[in-house]
Amino acid sequence: MRKRTFLFFIAGLFFSSCFFSSANKAEDNVKLIPVVTDDRGDLVSDMFIRLNQIGFRKNDVKTAVILSKKDMGQKKFIIKDTKSGKEVFSATVPPSMAGWGNFNFCHVLDFTGLRSDGSYVIESEGARSSNFRIGDNIYNTIVDSLLLFFRVQRCGPTNPHLHKVCHLYDSPVVVGDEAAGKVDVTGGWHDAGDFTKFLNTTAFTTYMLLFTYDFNPKKMEIDRNKDGAPDVLEEARVGLDLLLRMNYKPGKLIIQVQDRRDQTVGWRLPENDTLKFDRPAFAGMGKNLIGIYSAALAMGSRIWRERFKENAFADKLLAAATNVFALRGSAPDVDTNPIGLYQDSKYEGKLALGALEMYLATKNNRYLTEAIDLAKKANSDYWWSWGNINSLAQYRVAKYSNEMKQLIENNLVAFNDNRKKMPFGEGTSFSWGTTHTYLGISMQAILFRDLTKSNLYDSLATYQRDYVLGKNPWGVSFIYNIGSRFTRYFHSQVAHFNGGYLPGAIAAGPAPAEILKGYEIPRTNFMYDKFNSPDVKYYDDRHDYVTNEPTIVSNATGVFVFSHFY
(Lines give C-alpha, C1' and ligand atoms only; values in the text may rest on other atoms or scores of the structure.)
Protein backbone atom coordinates (compact mmCIF):
# COMPACT_ATOMS: atom_id res chain seq x y z
CA MET A 1 0.00 0.00 0.00
CA ARG A 2 2.78 2.36 0.48
CA LYS A 3 6.41 2.46 -0.22
CA ARG A 4 8.28 3.88 2.72
CA THR A 5 11.76 5.26 3.14
CA PHE A 6 13.61 7.46 5.59
CA LEU A 7 16.37 10.00 5.31
CA PHE A 8 17.99 12.00 8.06
CA PHE A 9 19.46 15.46 7.85
CA ILE A 10 20.95 17.71 10.54
CA ALA A 11 20.82 21.49 11.16
CA GLY A 12 18.22 22.61 8.67
CA LEU A 13 18.38 19.74 6.23
CA PHE A 14 15.59 17.28 5.76
CA PHE A 15 14.90 14.37 8.04
CA SER A 16 11.85 12.31 7.71
CA SER A 17 8.59 11.11 8.99
CA CYS A 18 7.12 7.92 7.60
CA PHE A 19 4.99 7.32 4.58
CA PHE A 20 3.38 4.85 2.22
CA SER A 21 2.21 5.01 -1.40
CA SER A 22 -1.10 3.58 -2.48
CA ALA A 23 -1.05 0.68 -4.89
CA ASN A 24 -4.72 -0.13 -4.44
CA LYS A 25 -6.98 2.11 -6.53
CA ALA A 26 -10.22 0.28 -5.72
CA GLU A 27 -11.22 2.76 -3.04
CA ASP A 28 -10.00 5.96 -4.68
CA ASN A 29 -13.60 7.06 -5.27
CA VAL A 30 -14.19 7.70 -1.58
CA LYS A 31 -16.49 10.70 -1.16
CA LEU A 32 -14.58 13.86 -0.32
CA ILE A 33 -15.62 16.03 2.60
CA PRO A 34 -16.92 19.44 1.46
CA VAL A 35 -14.30 22.17 1.60
CA VAL A 36 -14.83 24.87 4.22
CA THR A 37 -13.73 28.38 3.27
CA ASP A 38 -13.89 31.60 5.18
CA ASP A 39 -16.76 34.06 4.78
CA ARG A 40 -15.44 35.34 1.48
CA GLY A 41 -14.71 31.97 -0.09
CA ASP A 42 -11.08 32.94 -0.55
CA LEU A 43 -10.15 30.09 -2.89
CA VAL A 44 -11.25 32.28 -5.82
CA SER A 45 -9.68 35.54 -4.63
CA ASP A 46 -6.35 37.21 -5.36
CA MET A 47 -5.81 38.45 -1.83
CA PHE A 48 -5.91 36.45 1.40
CA ILE A 49 -5.48 37.19 5.07
CA ARG A 50 -3.74 34.38 6.95
CA LEU A 51 -3.65 34.07 10.73
CA ASN A 52 -3.90 31.67 13.63
CA GLN A 53 -7.51 30.53 13.27
CA ILE A 54 -7.93 29.75 16.97
CA GLY A 55 -6.67 33.12 18.11
CA PHE A 56 -4.43 34.59 20.77
CA ARG A 57 -4.01 34.94 24.48
CA LYS A 58 -4.34 38.51 25.70
CA ASN A 59 -0.61 39.18 26.04
CA ASP A 60 0.54 37.26 22.95
CA VAL A 61 2.25 38.95 20.05
CA LYS A 62 -0.56 39.01 17.47
CA THR A 63 0.17 39.00 13.76
CA ALA A 64 -1.46 38.10 10.46
CA VAL A 65 -0.23 38.12 6.87
CA ILE A 66 -1.86 39.60 3.77
CA LEU A 67 -0.91 37.37 0.84
CA SER A 68 -1.63 39.35 -2.31
CA LYS A 69 -0.96 39.75 -6.00
CA LYS A 70 -1.12 43.52 -5.63
CA ASP A 71 0.82 45.84 -3.36
CA MET A 72 -1.24 46.57 -0.24
CA GLY A 73 1.34 48.85 1.37
CA GLN A 74 -0.21 51.98 2.95
CA LYS A 75 -3.71 50.60 2.61
CA LYS A 76 -5.80 50.31 5.75
CA PHE A 77 -6.78 47.19 7.65
CA ILE A 78 -9.42 47.08 10.32
CA ILE A 79 -10.47 44.57 12.97
CA LYS A 80 -14.15 44.18 13.82
CA ASP A 81 -15.91 42.55 16.72
CA THR A 82 -17.91 39.75 15.09
CA LYS A 83 -20.84 40.09 17.50
CA SER A 84 -21.38 43.83 17.34
CA GLY A 85 -19.83 44.53 13.95
CA LYS A 86 -18.02 47.49 15.47
CA GLU A 87 -14.50 48.43 14.46
CA VAL A 88 -12.13 47.91 17.40
CA PHE A 89 -8.70 48.32 15.80
CA SER A 90 -7.24 49.85 12.65
CA ALA A 91 -3.80 50.49 11.24
CA THR A 92 -1.90 51.01 8.02
CA VAL A 93 -0.67 47.97 6.12
CA PRO A 94 3.16 47.99 6.23
CA PRO A 95 5.39 47.37 3.20
CA SER A 96 5.68 43.83 1.86
CA MET A 97 8.47 41.67 3.29
CA ALA A 98 8.66 39.27 0.33
CA GLY A 99 6.60 37.30 -2.14
CA TRP A 100 5.38 33.72 -2.11
CA GLY A 101 4.79 31.62 -5.21
CA ASN A 102 2.24 33.35 -7.46
CA PHE A 103 1.79 36.13 -4.93
CA ASN A 104 4.25 38.99 -5.14
CA PHE A 105 3.43 40.58 -1.79
CA CYS A 106 3.34 39.42 1.82
CA HIS A 107 2.42 42.13 4.32
CA VAL A 108 2.73 41.37 8.03
CA LEU A 109 -0.02 42.94 10.14
CA ASP A 110 0.66 43.53 13.83
CA PHE A 111 -2.25 44.01 16.21
CA THR A 112 -0.58 43.04 19.47
CA GLY A 113 -2.23 46.04 21.10
CA LEU A 114 -5.67 44.42 20.85
CA ARG A 115 -6.08 42.63 24.17
CA SER A 116 -9.80 42.55 24.92
CA ASP A 117 -11.66 39.25 25.16
CA GLY A 118 -13.84 38.59 22.16
CA SER A 119 -14.30 37.22 18.67
CA TYR A 120 -12.87 39.22 15.79
CA VAL A 121 -12.24 39.37 12.05
CA ILE A 122 -9.67 41.31 9.99
CA GLU A 123 -10.77 43.12 6.82
CA SER A 124 -8.80 45.00 4.18
CA GLU A 125 -9.79 46.09 0.68
CA GLY A 126 -12.59 43.52 0.52
CA ALA A 127 -10.53 40.62 1.85
CA ARG A 128 -11.66 39.02 5.09
CA SER A 129 -9.81 36.72 7.48
CA SER A 130 -11.16 33.75 9.34
CA ASN A 131 -12.79 34.67 12.62
CA PHE A 132 -10.47 34.40 15.61
CA ARG A 133 -10.69 34.84 19.35
CA ILE A 134 -8.72 36.63 22.01
CA GLY A 135 -8.86 35.20 25.51
CA ASP A 136 -6.90 33.29 28.11
CA ASN A 137 -8.66 29.94 27.80
CA ILE A 138 -8.92 29.44 24.06
CA TYR A 139 -6.39 26.58 23.88
CA ASN A 140 -7.83 24.42 26.64
CA THR A 141 -9.45 21.80 24.40
CA ILE A 142 -6.58 21.26 21.94
CA VAL A 143 -4.59 18.92 24.20
CA ASP A 144 -7.69 16.76 24.69
CA SER A 145 -7.97 16.42 20.93
CA LEU A 146 -4.28 15.66 20.50
CA LEU A 147 -4.49 12.92 23.14
CA LEU A 148 -7.51 11.35 21.46
CA PHE A 149 -5.36 10.76 18.38
CA PHE A 150 -3.26 8.33 20.43
CA ARG A 151 -6.33 6.22 21.14
CA VAL A 152 -6.87 5.97 17.39
CA GLN A 153 -3.28 4.77 17.04
CA ARG A 154 -3.53 2.16 19.78
CA CYS A 155 -2.63 -1.39 18.81
CA GLY A 156 -3.61 -4.66 20.46
CA PRO A 157 -6.04 -5.00 23.41
CA THR A 158 -5.71 -1.36 24.51
CA ASN A 159 -9.28 -0.02 24.06
CA PRO A 160 -8.62 1.70 20.72
CA HIS A 161 -10.84 4.38 19.18
CA LEU A 162 -12.41 4.22 15.67
CA HIS A 163 -11.30 0.62 15.11
CA LYS A 164 -11.54 -2.74 16.83
CA VAL A 165 -8.91 -4.63 18.81
CA CYS A 166 -6.17 -5.64 16.40
CA HIS A 167 -2.79 -7.38 16.00
CA LEU A 168 -2.98 -9.81 18.90
CA TYR A 169 -0.23 -12.04 17.53
CA ASP A 170 2.75 -9.67 17.72
CA SER A 171 5.13 -11.30 17.09
CA PRO A 172 5.58 -14.83 15.71
CA VAL A 173 9.31 -14.50 15.02
CA VAL A 174 12.27 -12.29 15.95
CA VAL A 175 14.46 -11.50 12.97
CA GLY A 176 18.05 -11.40 14.17
CA ASP A 177 17.35 -13.77 17.06
CA GLU A 178 15.61 -16.75 15.50
CA ALA A 179 16.14 -18.84 18.63
CA ALA A 180 13.89 -16.49 20.59
CA GLY A 181 10.71 -17.97 19.18
CA LYS A 182 7.46 -16.04 19.55
CA VAL A 183 7.69 -12.94 21.72
CA ASP A 184 4.87 -10.82 23.12
CA VAL A 185 5.11 -7.31 21.70
CA THR A 186 1.40 -6.61 21.46
CA GLY A 187 0.04 -3.21 22.36
CA GLY A 188 1.54 0.24 22.00
CA TRP A 189 0.69 2.54 19.10
CA HIS A 190 0.80 2.26 15.34
CA ASP A 191 3.50 4.70 14.38
CA ALA A 192 1.72 6.71 11.69
CA GLY A 193 -0.81 6.06 8.93
CA ASP A 194 0.01 2.37 8.70
CA PHE A 195 0.43 -0.38 11.29
CA THR A 196 4.18 -0.61 11.92
CA LYS A 197 5.59 -0.08 15.43
CA PHE A 198 9.07 1.18 16.38
CA LEU A 199 10.99 1.29 19.63
CA ASN A 200 12.57 4.64 18.71
CA THR A 201 9.32 6.52 18.18
CA THR A 202 7.43 4.64 20.92
CA ALA A 203 10.10 5.58 23.46
CA PHE A 204 10.25 9.19 22.23
CA THR A 205 6.47 9.51 22.38
CA THR A 206 6.21 7.90 25.80
CA TYR A 207 8.95 10.15 27.16
CA MET A 208 7.31 13.29 25.78
CA LEU A 209 3.96 12.42 27.37
CA LEU A 210 5.65 11.74 30.71
CA PHE A 211 7.74 14.90 30.41
CA THR A 212 4.64 16.99 29.71
CA TYR A 213 3.20 15.80 33.01
CA ASP A 214 6.49 16.17 34.89
CA PHE A 215 6.98 19.72 33.58
CA ASN A 216 3.75 20.91 35.16
CA PRO A 217 1.98 18.18 37.17
CA LYS A 218 -0.70 20.47 38.56
CA LYS A 219 -1.80 21.60 35.11
CA MET A 220 -1.70 18.08 33.63
CA GLU A 221 -3.81 16.39 36.33
CA ILE A 222 -6.78 16.59 33.93
CA ASP A 223 -8.81 13.35 34.03
CA ARG A 224 -11.64 13.68 31.52
CA ASN A 225 -12.78 10.06 31.75
CA LYS A 226 -12.77 10.10 35.55
CA ASP A 227 -10.81 6.87 35.92
CA GLY A 228 -8.42 8.19 38.55
CA ALA A 229 -5.42 8.75 36.28
CA PRO A 230 -4.42 11.94 34.48
CA ASP A 231 -5.22 11.48 30.81
CA VAL A 232 -1.66 12.13 29.66
CA LEU A 233 -0.31 9.45 32.03
CA GLU A 234 -3.02 7.00 31.05
CA GLU A 235 -1.79 7.31 27.48
CA ALA A 236 1.87 7.12 28.50
CA ARG A 237 1.12 3.80 30.21
CA VAL A 238 0.26 2.32 26.79
CA GLY A 239 3.80 3.14 25.67
CA LEU A 240 5.45 1.95 28.88
CA ASP A 241 3.75 -1.44 28.65
CA LEU A 242 5.02 -2.02 25.12
CA LEU A 243 8.51 -0.81 25.95
CA LEU A 244 8.72 -3.36 28.76
CA ARG A 245 7.75 -6.10 26.32
CA MET A 246 10.31 -4.91 23.79
CA ASN A 247 13.04 -5.83 26.28
CA TYR A 248 12.07 -9.42 25.56
CA LYS A 249 15.02 -10.99 27.36
CA PRO A 250 18.11 -9.73 29.22
CA GLY A 251 20.37 -7.72 26.92
CA LYS A 252 17.93 -7.80 23.99
CA LEU A 253 15.57 -5.26 22.47
CA ILE A 254 12.90 -5.45 19.80
CA ILE A 255 13.30 -2.28 17.74
CA GLN A 256 10.53 -2.77 15.17
CA VAL A 257 7.36 -4.78 14.56
CA GLN A 258 6.37 -5.53 10.94
CA ASP A 259 8.26 -4.95 7.71
CA ARG A 260 7.70 -3.18 4.38
CA ARG A 261 4.90 -5.54 3.38
CA ASP A 262 2.65 -3.50 5.65
CA GLN A 263 2.81 -0.80 2.98
CA THR A 264 1.95 -2.98 0.00
CA VAL A 265 -1.30 -4.81 0.78
CA GLY A 266 -3.82 -2.00 0.29
CA TRP A 267 -6.10 0.11 2.43
CA ARG A 268 -7.67 -1.77 5.35
CA LEU A 269 -8.66 -1.29 8.97
CA PRO A 270 -6.16 -2.74 11.44
CA GLU A 271 -8.52 -5.51 12.58
CA ASN A 272 -8.80 -6.58 8.92
CA ASP A 273 -5.07 -6.63 8.29
CA THR A 274 -4.30 -9.62 6.09
CA LEU A 275 -0.86 -9.73 7.70
CA LYS A 276 -2.11 -9.83 11.29
CA PHE A 277 -0.58 -13.29 11.83
CA ASP A 278 2.58 -12.44 9.93
CA ARG A 279 4.18 -9.48 11.68
CA PRO A 280 7.85 -10.19 12.37
CA ALA A 281 9.78 -8.41 15.09
CA PHE A 282 13.34 -7.20 14.62
CA ALA A 283 16.08 -7.32 17.24
CA GLY A 284 18.61 -4.51 17.47
CA MET A 285 20.68 -2.34 19.75
CA GLY A 286 22.44 1.03 19.83
CA LYS A 287 23.44 3.69 22.32
CA ASN A 288 20.77 5.95 20.80
CA LEU A 289 18.00 3.46 21.58
CA ILE A 290 19.43 2.63 24.99
CA GLY A 291 19.28 6.33 25.84
CA ILE A 292 15.70 7.08 24.85
CA TYR A 293 14.44 3.72 26.13
CA SER A 294 16.04 4.15 29.56
CA ALA A 295 14.92 7.78 29.76
CA ALA A 296 11.26 6.85 29.27
CA LEU A 297 11.29 3.95 31.73
CA ALA A 298 13.31 5.77 34.39
CA MET A 299 10.99 8.78 34.32
CA GLY A 300 8.00 6.45 34.31
CA SER A 301 9.34 4.74 37.42
CA ARG A 302 9.57 8.05 39.29
CA ILE A 303 6.10 9.17 38.31
CA TRP A 304 4.42 5.86 39.08
CA ARG A 305 6.14 5.70 42.44
CA GLU A 306 5.34 9.28 43.42
CA ARG A 307 1.95 9.85 41.77
CA PHE A 308 0.32 6.42 42.02
CA LYS A 309 2.32 4.77 44.82
CA GLU A 310 2.59 1.71 42.57
CA ASN A 311 5.99 0.57 43.80
CA ALA A 312 5.89 -2.84 42.11
CA PHE A 313 5.35 -1.33 38.66
CA ALA A 314 7.86 1.44 39.37
CA ASP A 315 10.44 -1.17 40.39
CA LYS A 316 9.79 -3.12 37.20
CA LEU A 317 10.32 -0.03 35.07
CA LEU A 318 13.51 0.97 36.86
CA ALA A 319 14.93 -2.55 36.71
CA ALA A 320 14.40 -2.65 32.94
CA ALA A 321 15.89 0.82 32.51
CA THR A 322 18.91 -0.10 34.64
CA ASN A 323 19.57 -3.36 32.82
CA VAL A 324 19.28 -1.81 29.37
CA PHE A 325 21.33 1.26 30.27
CA ALA A 326 24.10 -1.05 31.48
CA LEU A 327 24.51 -2.25 27.87
CA ARG A 328 25.77 1.11 26.63
CA GLY A 329 29.45 0.25 26.96
CA SER A 330 29.32 -2.63 24.48
CA ALA A 331 26.55 -1.41 22.18
CA PRO A 332 27.19 0.20 18.78
CA ASP A 333 26.76 3.96 18.67
CA VAL A 334 23.49 3.71 16.73
CA ASP A 335 21.31 0.80 15.80
CA THR A 336 21.08 -0.44 12.23
CA ASN A 337 17.42 -0.40 11.37
CA PRO A 338 16.58 -3.42 9.21
CA ILE A 339 14.68 -1.38 6.64
CA GLY A 340 16.22 2.07 7.18
CA LEU A 341 13.38 3.69 9.08
CA TYR A 342 13.92 6.15 11.93
CA GLN A 343 17.65 5.78 11.57
CA ASP A 344 19.57 8.02 13.95
CA SER A 345 22.98 9.37 12.99
CA LYS A 346 24.17 10.27 16.52
CA TYR A 347 23.53 9.04 20.02
CA GLU A 348 24.89 11.61 22.49
CA GLY A 349 21.67 13.56 23.08
CA LYS A 350 19.51 10.51 23.68
CA LEU A 351 22.09 8.81 25.87
CA ALA A 352 22.52 12.04 27.88
CA LEU A 353 18.78 12.10 28.47
CA GLY A 354 18.85 8.47 29.58
CA ALA A 355 21.73 9.12 31.97
CA LEU A 356 20.01 12.13 33.50
CA GLU A 357 16.74 10.28 34.06
CA MET A 358 18.66 7.37 35.57
CA TYR A 359 20.24 9.85 37.97
CA LEU A 360 16.88 11.35 38.93
CA ALA A 361 15.46 7.87 39.55
CA THR A 362 18.43 6.51 41.53
CA LYS A 363 20.41 9.56 42.79
CA ASN A 364 23.56 7.77 41.64
CA ASN A 365 26.05 10.56 40.90
CA ARG A 366 27.87 8.51 38.28
CA TYR A 367 24.83 8.89 36.03
CA LEU A 368 24.81 12.66 36.53
CA THR A 369 28.49 12.99 35.61
CA GLU A 370 27.86 10.96 32.48
CA ALA A 371 24.77 13.00 31.58
CA ILE A 372 26.68 16.29 31.81
CA ASP A 373 29.55 14.98 29.72
CA LEU A 374 27.27 13.58 27.02
CA ALA A 375 25.10 16.72 26.88
CA LYS A 376 28.21 18.83 26.24
CA LYS A 377 29.37 16.47 23.51
CA ALA A 378 25.94 16.53 21.91
CA ASN A 379 26.31 20.30 21.39
CA SER A 380 23.63 22.39 19.67
CA ASP A 381 21.76 20.56 16.92
CA TYR A 382 19.76 23.50 15.46
CA TRP A 383 16.73 21.31 14.86
CA TRP A 384 14.00 19.23 16.43
CA SER A 385 12.73 15.78 15.51
CA TRP A 386 12.43 12.29 16.90
CA GLY A 387 16.18 12.11 16.21
CA ASN A 388 17.29 15.61 17.21
CA ILE A 389 16.49 16.05 20.89
CA ASN A 390 19.77 17.46 22.21
CA SER A 391 18.03 20.57 23.52
CA LEU A 392 15.65 18.48 25.62
CA ALA A 393 18.54 16.58 27.22
CA GLN A 394 20.36 19.85 27.82
CA TYR A 395 17.29 21.37 29.45
CA ARG A 396 17.14 18.42 31.85
CA VAL A 397 20.86 18.69 32.62
CA ALA A 398 20.85 22.51 32.93
CA LYS A 399 19.97 22.37 36.61
CA TYR A 400 23.40 20.83 37.19
CA SER A 401 25.52 22.56 34.52
CA ASN A 402 25.45 26.24 33.55
CA GLU A 403 26.85 25.49 30.09
CA MET A 404 23.57 23.96 28.93
CA LYS A 405 21.65 27.22 28.65
CA GLN A 406 24.00 28.53 26.00
CA LEU A 407 23.73 25.35 23.94
CA ILE A 408 19.95 25.70 23.88
CA GLU A 409 20.13 29.41 23.12
CA ASN A 410 22.41 28.73 20.15
CA ASN A 411 19.45 26.96 18.56
CA LEU A 412 17.04 29.74 19.44
CA VAL A 413 19.25 32.51 18.09
CA ALA A 414 19.44 30.71 14.73
CA PHE A 415 15.70 30.01 14.69
CA ASN A 416 14.85 33.59 15.62
CA ASP A 417 17.16 35.06 13.00
CA ASN A 418 15.41 32.95 10.36
CA ARG A 419 11.99 33.88 11.71
CA LYS A 420 12.67 37.59 11.34
CA LYS A 421 13.40 37.16 7.63
CA MET A 422 10.21 35.23 6.83
CA PRO A 423 6.78 36.87 6.50
CA PHE A 424 5.06 33.80 7.92
CA GLY A 425 7.60 33.51 10.74
CA GLU A 426 9.10 30.09 9.99
CA GLY A 427 11.89 29.31 12.42
CA THR A 428 13.90 27.17 10.03
CA SER A 429 13.85 25.56 6.61
CA PHE A 430 11.11 23.23 5.42
CA SER A 431 11.63 19.50 5.72
CA TRP A 432 9.76 16.23 5.78
CA GLY A 433 7.84 16.73 9.02
CA THR A 434 7.82 20.53 8.99
CA THR A 435 5.04 20.90 11.55
CA HIS A 436 6.86 18.67 14.03
CA THR A 437 10.03 20.73 13.67
CA TYR A 438 8.17 24.01 14.15
CA LEU A 439 6.40 22.69 17.23
CA GLY A 440 9.82 21.60 18.50
CA ILE A 441 11.15 25.13 18.03
CA SER A 442 8.24 26.43 20.07
CA MET A 443 9.03 23.84 22.71
CA GLN A 444 12.67 24.90 22.94
CA ALA A 445 11.64 28.51 23.45
CA ILE A 446 9.27 27.44 26.23
CA LEU A 447 12.03 25.43 27.92
CA PHE A 448 14.49 28.33 27.67
CA ARG A 449 11.99 30.67 29.32
CA ASP A 450 11.53 28.16 32.12
CA LEU A 451 15.28 28.02 32.65
CA THR A 452 16.04 31.71 32.46
CA LYS A 453 12.72 33.49 33.13
CA SER A 454 13.57 35.54 30.03
CA ASN A 455 10.82 36.36 27.53
CA LEU A 456 13.33 36.95 24.74
CA TYR A 457 12.05 34.06 22.61
CA ASP A 458 8.36 34.11 23.54
CA SER A 459 7.42 35.53 20.16
CA LEU A 460 9.40 32.78 18.43
CA ALA A 461 7.30 30.18 20.23
CA THR A 462 4.12 32.01 19.28
CA TYR A 463 5.05 32.36 15.61
CA GLN A 464 5.62 28.60 15.25
CA ARG A 465 2.33 27.84 17.01
CA ASP A 466 0.51 30.30 14.75
CA TYR A 467 2.03 28.75 11.61
CA VAL A 468 0.70 25.32 12.51
CA LEU A 469 -2.75 26.79 13.25
CA GLY A 470 -3.23 28.64 9.98
CA LYS A 471 -0.82 31.54 9.58
CA ASN A 472 0.77 29.95 6.54
CA PRO A 473 0.44 30.47 2.77
CA TRP A 474 -2.29 27.81 2.46
CA GLY A 475 -4.39 29.19 5.30
CA VAL A 476 -4.68 25.69 6.75
CA SER A 477 -4.64 24.58 10.35
CA PHE A 478 -2.64 21.36 10.17
CA ILE A 479 -4.56 19.83 13.11
CA TYR A 480 -7.79 18.02 12.33
CA ASN A 481 -10.94 19.90 13.42
CA ILE A 482 -8.93 22.73 14.97
CA GLY A 483 -9.69 26.03 13.27
CA SER A 484 -12.10 26.98 10.50
CA ARG A 485 -10.10 25.38 7.67
CA PHE A 486 -8.02 22.35 8.58
CA THR A 487 -6.40 19.29 7.05
CA ARG A 488 -9.15 16.81 6.11
CA TYR A 489 -7.69 14.03 3.98
CA PHE A 490 -4.95 12.55 6.11
CA HIS A 491 -2.78 9.77 4.82
CA SER A 492 -4.20 7.34 7.36
CA GLN A 493 -5.77 3.92 7.09
CA VAL A 494 -8.19 4.51 9.95
CA ALA A 495 -9.21 7.97 8.72
CA HIS A 496 -9.92 6.58 5.27
CA PHE A 497 -12.51 4.16 6.63
CA ASN A 498 -14.05 6.78 8.94
CA GLY A 499 -14.95 9.41 6.37
CA GLY A 500 -11.70 11.31 6.91
CA TYR A 501 -12.36 11.69 10.63
CA LEU A 502 -9.08 11.64 12.56
CA PRO A 503 -9.40 13.66 15.78
CA GLY A 504 -6.32 15.53 16.89
CA ALA A 505 -4.09 14.35 14.05
CA ILE A 506 -1.30 16.71 12.97
CA ALA A 507 -0.36 16.68 9.28
CA ALA A 508 3.33 16.58 8.41
CA GLY A 509 2.88 19.87 6.56
CA PRO A 510 4.59 21.58 3.62
CA ALA A 511 7.70 19.96 2.19
CA PRO A 512 10.46 20.98 -0.24
CA ALA A 513 9.64 20.34 -3.88
CA GLU A 514 13.01 18.62 -4.26
CA ILE A 515 11.92 15.95 -1.79
CA LEU A 516 8.51 15.51 -3.42
CA LYS A 517 10.10 15.00 -6.82
CA GLY A 518 11.54 11.74 -5.60
CA TYR A 519 8.16 10.04 -5.15
CA GLU A 520 5.37 9.23 -7.57
CA ILE A 521 2.31 10.05 -5.49
CA PRO A 522 -1.11 9.57 -7.19
CA ARG A 523 -2.75 12.71 -5.79
CA THR A 524 -6.37 13.58 -6.51
CA ASN A 525 -6.86 16.76 -4.46
CA PHE A 526 -5.19 19.95 -5.69
CA MET A 527 -7.39 22.51 -3.93
CA TYR A 528 -4.41 24.30 -2.37
CA ASP A 529 -2.15 24.11 -5.38
CA LYS A 530 -2.48 27.83 -6.18
CA PHE A 531 -0.68 28.56 -2.91
CA ASN A 532 2.25 26.24 -3.60
CA SER A 533 5.54 27.87 -4.55
CA PRO A 534 8.08 26.36 -6.92
CA ASP A 535 10.16 25.37 -3.90
CA VAL A 536 7.65 24.35 -1.22
CA LYS A 537 4.36 22.48 -1.59
CA TYR A 538 1.51 21.13 0.49
CA TYR A 539 -1.26 18.75 -0.57
CA ASP A 540 -4.27 17.84 1.53
CA ASP A 541 -4.52 14.44 -0.13
CA ARG A 542 -4.91 11.01 1.43
CA HIS A 543 -2.29 9.58 -0.92
CA ASP A 544 0.36 12.12 0.04
CA TYR A 545 2.55 10.40 2.61
CA VAL A 546 5.09 13.25 2.58
CA THR A 547 2.94 16.28 3.42
CA ASN A 548 -0.18 14.73 4.91
CA GLU A 549 0.66 11.79 7.16
CA PRO A 550 0.20 12.10 10.93
CA THR A 551 2.65 10.54 13.38
CA ILE A 552 2.70 9.81 17.09
CA VAL A 553 5.92 11.80 17.51
CA SER A 554 4.39 15.02 16.15
CA ASN A 555 1.41 14.67 18.43
CA ALA A 556 3.64 13.98 21.43
CA THR A 557 5.54 17.24 20.90
CA GLY A 558 2.25 18.99 20.20
CA VAL A 559 0.81 17.86 23.53
CA PHE A 560 3.67 19.56 25.36
CA VAL A 561 3.48 22.79 23.35
CA PHE A 562 -0.26 23.28 23.56
CA SER A 563 -0.37 22.37 27.23
CA HIS A 564 1.88 25.40 27.75
CA PHE A 565 -0.70 27.68 26.09
CA TYR A 566 -3.55 26.61 28.42
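Note that the structure is predicted; figures quoted are calculated from it, not measured.

What follows concerns the sheet that holds strand β14 (residues 281-284). With respect to topology, four strands assemble into an open sheet ordered β11-β14-β13-β12, the strand pairing being mixed. Edge positions in the open sheet fall to β11 (174-175) and β12 (197-198), since each of these has one partner strand only.

As a rule of thumb, soluble globular proteins bury nonpolar side chains together. Counting residues in each nonpolar core, the largest one holds 147 residues, and the members touching the most others are Leu297, Leu392 and Trp474. Residue contributions to this core peak at 11 residues, all from helix α4 (residues 287-306). When near neighbours in sequence (up to four residues on either side) are disregarded, tryptophan 474 contacts Arg50, Trp100, Tyr467, Pro510, Tyr528, Phe531, Asn532, Val536, Lys537 and Tyr538. One finds Ile49, Leu51, Val93 and Phe132 within the second-largest nonpolar core, a separate group that totals 19 residues.

Looking now at the pairing of strand β13 (residues 253-257). In terms of burial, β13 is a largely internal element, five of the five residues being buried. Bridge count between β12 and β13: two bridges; the pairing is antiparallel. Within β13, the position partnered with lysine 197 by the bridge is valine 257. Pairing of β13 with β14 involves four bridges; the strand directions are antiparallel. Along β14, the bridge assignment pairs isoleucine 254 with alanine 283.

Moving on, we come to the packing of aromatic side chains. Per the stated rule, a full pass over the model turns up 41 aromatic pairs. Their ring planes at 85° and their centres at 6.0 Å tell us that phenylalanine 526 and tyrosine 539 sit as a pair that is edge-to-face. Remark: tyrosine 539 occurs in the loop between β16 (536-537) and α14 (552-564) and phenylalanine 526 occurs in the loop between α13 (513-516) and β16; sequence separation between them is 13 residues. Connected via pairs of aromatic rings, a cluster forms that spans Trp100, Phe424, Phe430, Tyr438, Tyr467, Trp474, Phe478, Tyr528 and Tyr538. The ring of phenylalanine 103 is capped by lysine 69, whose NZ or CZ atom sits 5.6 Å from the centre of that ring.

So, on to unusual backbone geometry. Across the junction of aspartate 170 and serine 171, the peptide omega takes the value 10°, indicating a cis bond. Of note, serine 171 is situated in the loop between α1 (142-153) and β11. Positive phi is not limited to glycine here, since tyrosine 342 has a value of about 50°. The topology assignment puts tyrosine 342 in the loop between α5 (311-325) and α6 (348-362). Within the chain, lysine 363 stands out as a residue other than glycine whose phi angle is a positive 60°. Along the chain, lysine 363 turns up in the loop between α6 and α7 (365-378).

Reading the values: the criteria
- Residues numbered from 1 in each chain as written.
- Predicted model: local features only at pLDDT ≥ 70, side-chain atom pairs only at ≥ 80, totals over all residues.
- Heavy atoms only, no water.
- Pairing = 2+ DSSP bridges.
- Helix = DSSP H or I, 4+ residues; strand = E, 2+ residues; numbered from the N terminus.
- Core = buried A, V, L, I, M, F, W, Y, C linked by side-chain atoms within 4.5 Å.
- Buried < 20%, exposed > 50% of the residue type's maximum accessible area, 1.4 Å probe, protein only.
- Contact = heavy atoms within 4.5 Å.
- Phe/Tyr/Trp six-rings, centres within 6.5 Å; stacked < 30°, edge-to-face > 60°.
- Lys NZ or Arg CZ within 6 Å of the ring centre and 35° of its normal.

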